[in-house]
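What the coordinates show
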Amino acid sequence: MPPVPVLEPEQVLREARDAANDVARGLAFATRVGALLPQPGEGRTQLRWSILAAAGQGDLTAARILEAHSDALAILHEAHAPIAEGTWGVFAAEAPDVRLDAEDRGDAAVLTGTKPWCSLGGQLDHALVTAHSGDQRRLYAVALQHPTVTADPPSRWVARGLAAVTSGPVHFAATPARPVGAAGWYLERSGFAWGGIGVAACWYGGALGIYQRLVDASRKRGGEIANLHVGTVDVALHAAAATLHAGAAQIDAGTAEGAAGAVLALRVRGAVAAAVETTINQAGHALGPAPLAFDEEHARRVADLELYARQHHAERDLAALGAVILDGRAQ
């Protein structure tokens, strides 16, 4: 048998940069890299997150596509479910004005209704979607190119960050689907928290890209204030990297299951989100408006990261962590 290709973060970084802001190339990149990523919790979680971070450092559009695709593959792997070839997404958001319902039929199901916030819903091959099954939510695998599936045109997607990764509603009209796990399994499984940390690894990589731009400019400028900005960001990113590394070790050691994994995700995501905000803020102070106005790569990376990192719920997530600690449920 031919040897299995080995993923190298530097090569992934270059490939992500080559795919910059191009969805078609990003999908091809995600398909290749996603097939080689180690699964979380199987002894090489740190390598998985290092690859996601490298993709984020190269280009956040490519990283966003890879993260969703690889998360879907990890969920299917965790569920011991078959994996169809092609590109995958995960659509689990809810909105008060739309609803997706499932009619379970043994090992099959039919989906009817609308799912909001479906990134690249009209361009992916498959998705894992949550739908209401009775009084619970359940996960389903569905082919997005089926004739009963309609994705809204991205006319309302006015985002300046991740502009190419358009997101909008997808409508299902008695669409055949396959259940993945039991009702409630998607949110209850340990991998839900681990996947959230994988997102944070992409944020961290995006911050590294901004940091490199800051370092390059500060070397030319010099002076104590430039040193201060670099040192401040370096400490923040070093702490974020250490937190990601320690989290990966806990997952692989089997000590981040269930509630412990949920607490770990809140801590790691909070630490990385704080480092991202420090990086963007300090780089803005140090570099001024010029690179945001005239450096296309830097301006896009800042805009991409600001939008992507808003998947962290800020004070709401920190309050949730505080409640767990004060209730004596955190270790």
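Residues numbered from 1 in each chain as written. Predicted model: local features only at pLDDT ≥ 70, side-chain atom pairs only at ≥ 80, totals over all residues. Heavy atoms only, no water.

Attention shifts here to the layout of surface pockets. Quantified by volume, the largest pocket comes out at close to 1300 Å³. Lining the largest pocket are 40 residues, with Ala93, Val199, Arg269, Gln311 and His313 positioned closest to its centre. Going through the elements one at a time, α4 (60–78), β1 (88–91), β3 (108–119), α5 (185–188), α6 (190–221), α8 (258–287), α10 (296–308) and α11 (315–326) are the ones with two or more residues in the lining of the largest pocket. The element that contributes the greatest number of residues to the lining of the largest pocket is α4, accounting for 6 residues. (1 Å grid on protein atoms, 1.4 Å probe; cavity = no way out; pocket = protein on both sides within 12 Å on 5 of 7 lines; lining within 4 Å. Points joined across faces, edges and corners; volume = space filled by probe spheres on them. Helix = DSSP H or I, 4+ residues; strand = E, 2+ residues; numbered from the N terminus.)

Attention shifts here to α10. Given a rise of 1.5 Å per residue, 13 residues ought to cover 18 Å, and the 18 Å separating the end C-alpha atoms of α10 matches this to within 8%. Within the sequence span of α10, burial applies to His298, Arg300, Arg301, Val302, Ala303, Asp304, Leu305 and Tyr308. If you follow the buried residues of α10, they end up packed against α3 (45–58), α4, α6, α8 and α9 (290–294). For α10, the N-terminal cap is Asp295; the gap from its side-chain oxygen to the backbone nitrogen of Glu297 is 3.3 Å. (Expected span 1.5 Å × (residues − 1). Buried < 20%, exposed > 50% of the residue type's maximum accessible area, 1.4 Å probe, protein only. Contact = heavy atoms within 4.5 Å. Polar contact = N/O pair within 3.5 Å; in protein donor to acceptor, adjacent residues only side chain to side chain.)

Let's shift gears to the nonpolar core. With 82 residues, the main nonpolar core has Leu111, Val129, Phe172, Trp203 and Val272 as its most contacted residues. It is α6 that provides the largest number of residues to this core, a total of 16 residues. The residues touching Val129, leaving out its near neighbours within four places in the chain, are Phe91, Leu100, Leu111, Arg138, Leu139, Tyr140, Val142 and Phe172. (Core = buried A, V, L, I, M, F, W, Y, C linked by side-chain atoms within 4.5 Å.)

With that out of the way, let us pick up the pairing of β3. With 9 of 12 residues buried, β3 lies mostly within the body of the structure. Pairing of strand β2 (residues 100–105) with β3 involves 6 bridges; the strand directions are antiparallel. Considered in β3, the bridge of Asp101 is made with Thr112. Remark: 2 residues form the turn of the hairpin made by β2 and β3, two consecutive strands paired antiparallel; Gly106 in that turn has positive phi of roughly 70°. Bridge count between β3 and strand β7 (residues 167–180): 8 bridges; the pairing is antiparallel. Directly across from Thr114, in β7, lies its bridge partner His171. (Pairing = 2+ DSSP bridges.)

So, on to empty space enclosed by the protein. Scanning the model with the defined rule gives 1 cavity of 30 Å³ or more in all. The volume enclosed by the largest cavity comes to roughly 40 Å³. In terms of lining residues, the largest cavity is bounded by Gly58, Asp59, Leu60, Glu297, Arg300, Arg301 and Asp304. Each residue belonging to the lining of the largest cavity can be placed in one class, and the counts come to 1 nonpolar, 1 polar and 5 charged. (Nonpolar A, V, L, I, M, F, W, Y, C, P; charged D, E, K, R; others polar.)

Our focus in this paragraph is the side chain of Asp59. Positionally, Asp59 belongs in the loop between α3 and α4. With a relative accessible area of 4%, Asp59 lands in the buried category. Beyond its immediate sequence surroundings of up to four residues, Asp59 is in contact with Ala16, Arg17, Ala19, Ala20, Asn21 and Arg300.

This part takes up unusual backbone geometry. Apart from glycine, the bulk of residues carry a negative phi angle, and the bulk of peptide bonds sit in the trans form. The backbone of Leu162 shows a phi angle near 45°, a positive value even though the residue is not glycine. The topology assignment puts Leu162 in the loop between β6 (149–151) and β7. Classification of Leu162 as buried rests on a relative accessible area of 5%. With a phi angle near 55°, Ala314 is a residue other than glycine that sits in the positive phi range.

Another point: α11. Here α11 is 12 residues long and its end C-alpha atoms lie 16 Å apart, about the 16 Å a rise of 1.5 Å per residue gives. Where α11 is buried, its residues touch α8. Within two residues after α11, Gly328 carries a phi angle of roughly 80°, on the positive side.

Okay, the packing of α4 against α10 next. Their axes nearest at 10 Å, the elements α4 and α10 cross at an angle of 30°. From α4, Leu60, Thr61, Ala63, Arg64 and Glu67 reach across to α10, where they touch Arg301, Asp304, Leu305 and Tyr308. The residue inventory of the contact of α4 with α10, partitioned by class, reads 4 nonpolar, 1 polar and 4 charged. (Axes fitted to C-alpha atoms, helices over the stretch in contact; angles between N-to-C directions.)

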